[in-house]
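Remarks on the overall topology
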Amino acid sequence: MLMKRIIYSILLAFALLVCSCKGFLDENPTTSLSERSVYSSESALEAQIYGILSSFYGSYMMQGYMNELLHTASGLVMWKGQRTLDNWIDGLKFAKYSNTSPNQTWYAQLYAAVACCNRLLDNLPASPVKDSYKKEIEGEARFYRAVLYYYLARLYGDVPLIVSCPKSLEKTNQPRAAYYKVYAQIIDDLNKAEQYMRDYARVETLTPGKGRPCKWAATSLKSCVYLTIGSMLSSYEADPQDQFFDPSKDGRTPDFSSIEISCAADAWLLCYQVAENVINNGPYALVADYRQLFRWTEPADFALKERIFVLQSTISATPENRLALMSLPIYPEGSSNKSIKNSNAGRYRPSRFLFQKFAADNGGEKTDDPDYPNLYINCPDPRFDASFIHTTSKRLDTGGTLKIYPTISGVLTDDSSFSLPYYKKYLDPTFDVNAGAADFYLLRLAEIYLNAAEAAANLSSAKGDEYWQKALQRVEDIHVRARNSVDGGTPAAYPSWGARSFADKQELSDAIFWERMYEMCGEGHEYFDTHRHGAKWMARVLAVPMNAFLQQPEQGPNVSSGAKGHFNYNYVGTLYPTGQSDLRKSLMCAFPTTTEALYNTAIDPVADQNDYYWQ
């Protein structure tokens, strides 16, 4: 396993050299590799694919600052210490401002990766490699481009839609395309990827253990795209002023007719059908024990059939994976970090609200201290301890004990270790501050089960009908696996909906949303899943409950000792916005205003700035 990962890292580094898109406008490139030679053989085309994959590993991409900084705008991810820069405090408005460097940088890195896909796709027709092999490569490149545009569309709505490498400097300047046209391109790429990509068996034969997705990954991602569209259209149909787009403006009315969607119900039905196809006919399977997804100790942990598309990590410094570095406590037990200090330990943390709601919804145990009546200190759902480091952790450097939230004696202090729990999912035995072997799940099968459940809930026309029962069944599939993720033969009592009754499909759908947060917390979904449902949903499900949570005595606003509590410390006395207009502005990342730095003169940094929605 170790040798495999080292070889994979070397391949990625080599591929970066042969697949660089940086100089595609140079008339006299400095490299000795000709344009023709890097596409002239099957091995050369494979190297180009690894070059595309390597572009996913930018420092501000999914395993980097994007995960750490973007998801603070969900309210379910927090940070340590007092941070007053816009990079952080904009998250307290569920937003990411246009003038912050992270927003600008992940925009640029996503498009750099798109450029690598386009370059390969442009040069494939002239390659002398046999057509059947080229089709496989085309399908995989289209899949990666679809993934990248899916990120861009969810972040910014309207974005430049570039599907071929520009042939001149003028051609690089492209205006923003309407969001629904971007989604249509994503579906078109995924349809072709489904048709052309290798099946599961051929991927494992040609590139075993390298994390390459098969054609079913394209099908799986289609269910996610339809889910996003269904969410947007549902809120729009309920209130046309509730989404990021303004239908009173020219070209802003959602038009998904080119992908056979005329209303929210169409999108939900497509999502449901595609997700069920993956579940029933795809090559994937839920792993028997949830904990194995984040164990990282055995070769089998890196070959689970639940993995649909993952970004692999290595114990070398590249490809970069900042998630372990930023999410774990200092010198954490279970790692190799005994001497190297991590000054950035725990910058990326689950919020207290998520921790407490997870426990409350799943049979959690409350403290018996009368001064902390609302405080949950543990939870019998096996996913809880697999996801969070809480209460205490052993320090490998001293052998001492690090107190962690919700330690009673530290709950009201501003100390960064006391104030919040930590994520556990990226803790692996090889982690030594610089790198580790914990992979990042861009897509795994449990998400597809939850897609099917949410789509079925939204398709239900009456409580208890066939779709309603299917939604409950797919959640129960996830719950059964979680309850069985224990040592010994007796399943855990939770998670379970056995004693719950939902009044209507909105309540059921909300509960499925929280199941997403419990099942996949820390895996890079929080921002996207909290921003697709519209402003009213965000107020009802997130802002109002979280503001009430912040007023509990355990959070520190009214304590006589003078301690502020970490939430109050970060929020500087503010609360989440609850008004529809304010929240509507938070549904998108603001489009980067520094378009001069992004070399696109077709976008006016002032006139084309949508202030979060077209108004």
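Residues numbered from 1 in each chain as written. Predicted model: local features only at pLDDT ≥ 70, side-chain atom pairs only at ≥ 80, totals over all residues. Heavy atoms only, no water.

**A word on unusual backbone geometry**
Put simply, the rule is: Secondary structure elements follow DSSP: runs of H or I no shorter than four residues count as helices, runs of E no shorter than two count as strands, and numbering proceeds from the N terminus.
Cis peptide bonds are those with omega within 30 degrees of zero, and the linkage from Tyr 405 to Pro 406 qualifies with 5°. Topologically, Pro 406 is positioned in the loop between strand 10 (401-403) and helix 14 (416-419). Cis geometry marks the peptide bond from Tyr 494 to Pro 495; its omega dihedral reads 5°. For Pro 495, the location among the structural elements is in the loop between helix 16 (466-483) and helix 17 (505-520). The phi dihedral of Glu 260 falls on the positive side, at around 65°, and the residue is not glycine. Inspection of the secondary structure assignment puts Glu 260 in the loop between helix 9 (215-238) and helix 10 (264-281). Positioned with a positive phi, Trp 296 is a non-glycine residue whose angle comes to about 60°.

**With respect to the pattern of salt bridges**
Using the following cut-off: Just to be clear on terms, a salt bridge is a Lys or Arg side-chain nitrogen sitting within 4 Å of an Asp or Glu carboxyl oxygen. Summary of the burial criterion: residues with accessible area below 20% of their type's maximum are buried, those above 50% are exposed, and those between are partly exposed, where the area comes from a 1.4 Å probe applied to protein chains only.
Going through the model one piece at a time under the given rule, you end up with 39 salt bridges. Linking Arg 295 and Asp 301 is a salt bridge whose minimum nitrogen-to-oxygen distance equals 2.7 Å. In this structure, Asp 381 engages Arg 383 in a salt bridge whose closest nitrogen and oxygen atoms are separated by 2.9 Å. Each member of the pair, Asp 381 as well as Arg 383, carries the same accessibility label: buried. Salt bridges sharing common partners tie together Glu 306, Asp 381, Arg 383, Lys 425, Arg 444, Arg 481, Glu 515, Glu 519 and Glu 523.

**Details of the confidence of the model for the protein**
To keep things clear, this is the line we draw: pLDDT expresses, on a scale from 0 to 100, how confident the predictor is about each individual residue. Any two residues whose heavy atoms approach within 4.5 Å are treated as being in contact.
On average, residues of the protein carry a pLDDT of 85, and 85% of them reach 70 or more. Under a pLDDT of 50 for its full length, residues 1-33 has, in the predicted model, 53 contacts with residues more than four places off or in other chains. For residues 611-615, every residue scores under 50 in pLDDT, and the model assigns this stretch 26 contacts once sequence neighbours within four places are set aside.

**Examining the environment of Glu 476**
Mapped onto the fold, Glu 476 is located in helix 16. C-alpha separation for the pair Glu 476 and Pro 495, spaced 19 residues apart in sequence, amounts to 8.8 Å.

**Topic: the side chain of Arg 176**
Put simply, the rule is: Whenever two N or O atoms come within 3.5 Å, that pair is a polar contact, provided that in protein one can donate a hydrogen and the other can accept it, and provided that, for residues adjacent in sequence, both atoms are side-chain atoms.
With respect to the helices, strands and loops of the structure, Arg 176 is situated in strand 3 (residues 176-177). For Arg 176, a relative accessible area of 12% puts it in the buried group. At 3.2 Å, the side chain of Arg 176 forms a polar contact with the backbone oxygen of Tyr 156. Here Asp 158 takes part through its backbone oxygen, which lies 2.7 Å from a polar atom of the side chain of Arg 176.

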